[in-house]
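This is what each chain is made of:
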Amino acid sequence: MSSLNNLEIFLVAPPGLEPVLADEARAAGFATPTAGPGGVTTHGGWDEVWRANLTLRGATRVLVRLGSFRAFHLAQLDKRARKFPWGDFLRPDTPVRVEAVCKRSKIYHHKAAAQRIETAIREELGALVSKDAALVLKVRIDDNLVTISLDSSGESLHKRGYKTATGKAPMRETLAALFLKAAGYDGREAVLDPMCGSGTFLIEAAEMSVGLLPGRARDFAFQQLASFDANAFAKMKAAAKVDVTSSTPRFFGSDRNAGAIANSQQNAEAAGVALLTVFTEATISDLQRPDTRPGLVIVNPPYGGRIGNKKLLFALYGTLGKVLAERFAGWRVAIITSDGGLAKATGLPFLPPGPPVDHGGTKVKLYQTDTLP
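Criteria and thresholds
Residues numbered from 1 in each chain as written. Predicted model: local features only at pLDDT ≥ 70, side-chain atom pairs only at ≥ 80, totals over all residues. Heavy atoms only, no water. Helix = DSSP H or I, 4+ residues; strand = E, 2+ residues; numbered from the N terminus. Rg over C-alpha atoms; globule rule 2.2 N^0.38 Å. Buried < 20%, exposed > 50% of the residue type's maximum accessible area, 1.4 Å probe, protein only. Areas by Shrake-Rupley, 256 points an atom, 1.4 Å probe, with all protein chains shown as cover. Pairing = 2+ DSSP bridges. Axes fitted to C-alpha atoms, helices over the stretch in contact; angles between N-to-C directions. Contact = heavy atoms within 4.5 Å. Parallel < 35°, antiparallel > 145°, perpendicular 65-115°, else oblique. Left-handed = near helix turned anticlockwise from the far one by under 90°. Salt bridge = Lys/Arg side-chain N within 4 Å of Asp/Glu carboxyl O. Phe/Tyr/Trp six-rings, centres within 6.5 Å; stacked < 30°, edge-to-face > 60°. Lys NZ or Arg CZ within 6 Å of the ring centre and 35° of its normal. 1 Å grid on protein atoms, 1.4 Å probe; cavity = no way out; pocket = protein on both sides within 12 Å on 5 of 7 lines; lining within 4 Å. Points joined across faces, edges and corners; volume = space filled by probe spheres on them. Nonpolar A, V, L, I, M, F, W, Y, C, P; charged D, E, K, R; others polar.

When helices and strands are tallied, the protein shows 10 helices and 14 strands. Expected size for 373 residues packed as a compact globule is a radius of gyration near 21 Å; at 23 Å, the protein falls within 12% of this value. The principal-axis extents of the C-alpha atoms in the protein amount to approximately 70 × 45 × 35 Å. Considering the protein as a whole, with its 373 residues, one finds that 51% of them fall into the buried category. Approximately 16,600 Å² of the protein is accessible, and the part contributed by carbon and sulfur atoms is 52%.

Structural data, given as structure tokens:
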């Protein structure tokens, strides 16, 4: 059983980017973050669960391991679930739902397993069980070991709580933040996205630069738990208040689509970083180098999987590479694409690409350069 002061906390990450999230958690002072398949494990009390949700830009959600026990058949699962200290974690007045998976176990029917645990919670704690509940218990029965975790986030953490306008195939904020970190962005340099869509890369980069917390504008499932202390959490949020009124723009977005520019401006305004960003309607050929010290160009161009005809895309990537090589000496370039041939079509001197990462069902890789000559 997990100690309430030393909970096992699992930070869910997009497969392929677990080490980048581990680096972020380490830099943020979380205890010995260890990357593994699908995420990062760390330890701490409930305040660290709150802090992970509130401050980590790359985590998709934060799961808390509550405890585990062996069960070889449903009657045993029922008996042991009734002895589990649900009241340490759950409140009787808050609805909950249970999701179960079974692997290599004598209990193989996940719906029956979920049902037994729901019954135990309902009858022992008096809590309402509802399929629409925001609070989710995740039960994994693997090799007859029943492990019970709680999803402390609720909605996926890429939902920052302010974005209102998105275009086609938007990149999730959590994924954009991890790609920025993987590309070496540390919050200090200028960032330019020549196909900015709804502005995700630039808004994430701007927030990182001034220390705006990713979770500042939303609610979390942990606020409905028995362990939640509203005053302590309010203090945690207040300690990170930042002033963006006197900053100069360092985040530049352009797009040939006027609607994308309007979306980006609207989202930057909602996020509170409009003063840090400049969005311009422009084609790749018209792209201008900003009057700042060299920084990072990061772009998620179409790759033909869902948007755009691939033959036309080779010409687009070729133009992009030519413009960057001619006008952006001293800058680094990071391109996210599913097609190595398209990356090669830029003619840019890419380092070996990063691991494949799932982006909306398509495997993409990060291709990046050193400083351009």
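Now, onward.
What follows is about helix α1 (residues 18-27). Looking only at α1, the buried set comprises E18, V20, L21, A22, E24 and A25. Taken from the residues just after α1, G29 is the one with a positive phi, measuring 85 degrees.

Pairing within the open sheet is mixed, and its seven strands lie in the order β2-β3-β1-β4-β7-β6-β5. Looking at strand neighbours, the two that pair on one side only are β2 (31-36) and β5 (96-103), the edges of this open sheet. Across the sheet, the axes of successive neighbouring strands diverge by a mean angle of 25 degrees, strand direction being ignored. Bridge analysis of β5 against strand β6 (residues 135-142) gives eight bridges, and the strand direction is parallel. Opposite V96, over in β6, you have L135 as the bridge partner. Along the sheet, helix α3 (residues 74-83) contacts β4 (61-70), β6 and β7 (145-151); its crossing angle with β4, the most-contacted strand, is approximately 115 degrees.

A word on the packing of helix α5 (residues 173-182) against helix α6 (residues 200-210). When two helices pack together, their arrangement is given by the angle between their axes and by how far apart the axes lie. Here α5 crosses α6 at 65 degrees, and the two axes come no closer than 9 Å. As judged from the angle between their axes, α5 and α6 are roughly perpendicular. At the point where α5 passes α6, the crossing takes the right-handed sense. Only T200, F201, E204, A205 and M208 of α6 make contact with α5, whose side of the interface consists of E173, A176, A177, F179, L180 and K181.

As a further point, take the pattern of salt bridges. Using the criterion set out here, one finds 20 salt bridges in the structure. A salt bridge links R82 to D78; the shortest N-O distance between them is 3.2 Å. Of this pair, R82 and D78 both sit in helix α3, four residues apart, roughly one helical turn. Residues D142 and R140 are paired through a salt bridge, measuring 3.4 Å at the closest nitrogen-oxygen approach. With relative accessibility at 18%, the residue D142 sits in the buried group.

This next bit is on the packing of aromatic side chains. With the rule as written, the count across this model stands at 13 aromatic pairs. Summarising the aromatic geometry, the rings of F328 and W331 are spaced 5.4 Å apart at their centres and angled 80 degrees between planes, so their arrangement reads as edge-to-face. With relative accessibility at 0%, the residue F328 sits in the buried group. Overall, the relative accessible area of 0% leaves W331 in the buried class. Here the aromatic residues W50, F220, F222, F228 and F233 are joined through ring pairs into a cluster of three or more. In this structure, R51 packs its charged tip against the face of F30, placed 3.9 Å from the ring centre.

The next point concerns the layout of surface pockets. Reported here for the second largest pocket is a volume of approximately 460 Å³. Lining the second largest pocket are 17 residues, and of these L63, R65, V101, R140 and S149 sit closest to its centre. Among the elements of the structure, β1 (7-12), β4, β5, β6 and β7 are those that each provide at least two residues to the lining of the second largest pocket. Here the lining of the second largest pocket takes four residues from β6, the largest share from any one element. Within the lining of the second largest pocket, the residues separate by chemical class into nine nonpolar, three polar and five charged.

This paragraph deals with the environment of L225. Take L225: it is sitting in the loop between α6 and α7 (230-238). Setting aside its immediate chain neighbours within four residues, L225 contacts W46, F89, L90, R91, L135 and L150.

Pairing within the open sheet is mixed, and its seven strands lie in the order β10-β9-β8-β11-β12-β14-β13. Each edge of the open sheet carries a strand with a single partner, namely β10 (277-281) and β13 (357-359). If you compare each strand with its neighbour and ignore which way they point, the axes differ by 25 degrees on average. Examined bridge by bridge, β13 and strand β14 (residues 362-368) share three bridges and lie antiparallel to one another. Within β14, the residue paired with H359 across the bridge is T362. Sitting on the sheet, α6 touches β8 (191-193), β9 (251-255), β10, β11 (296-299) and β12 (332-337), and the angle it makes with β9 is about 175 degrees. Running over the sheet, helix α9 (residues 310-327) touches β11 and β12 and is turned about 170 degrees from β12.

As far as function goes, none of this settles anything; it's purely spatial.
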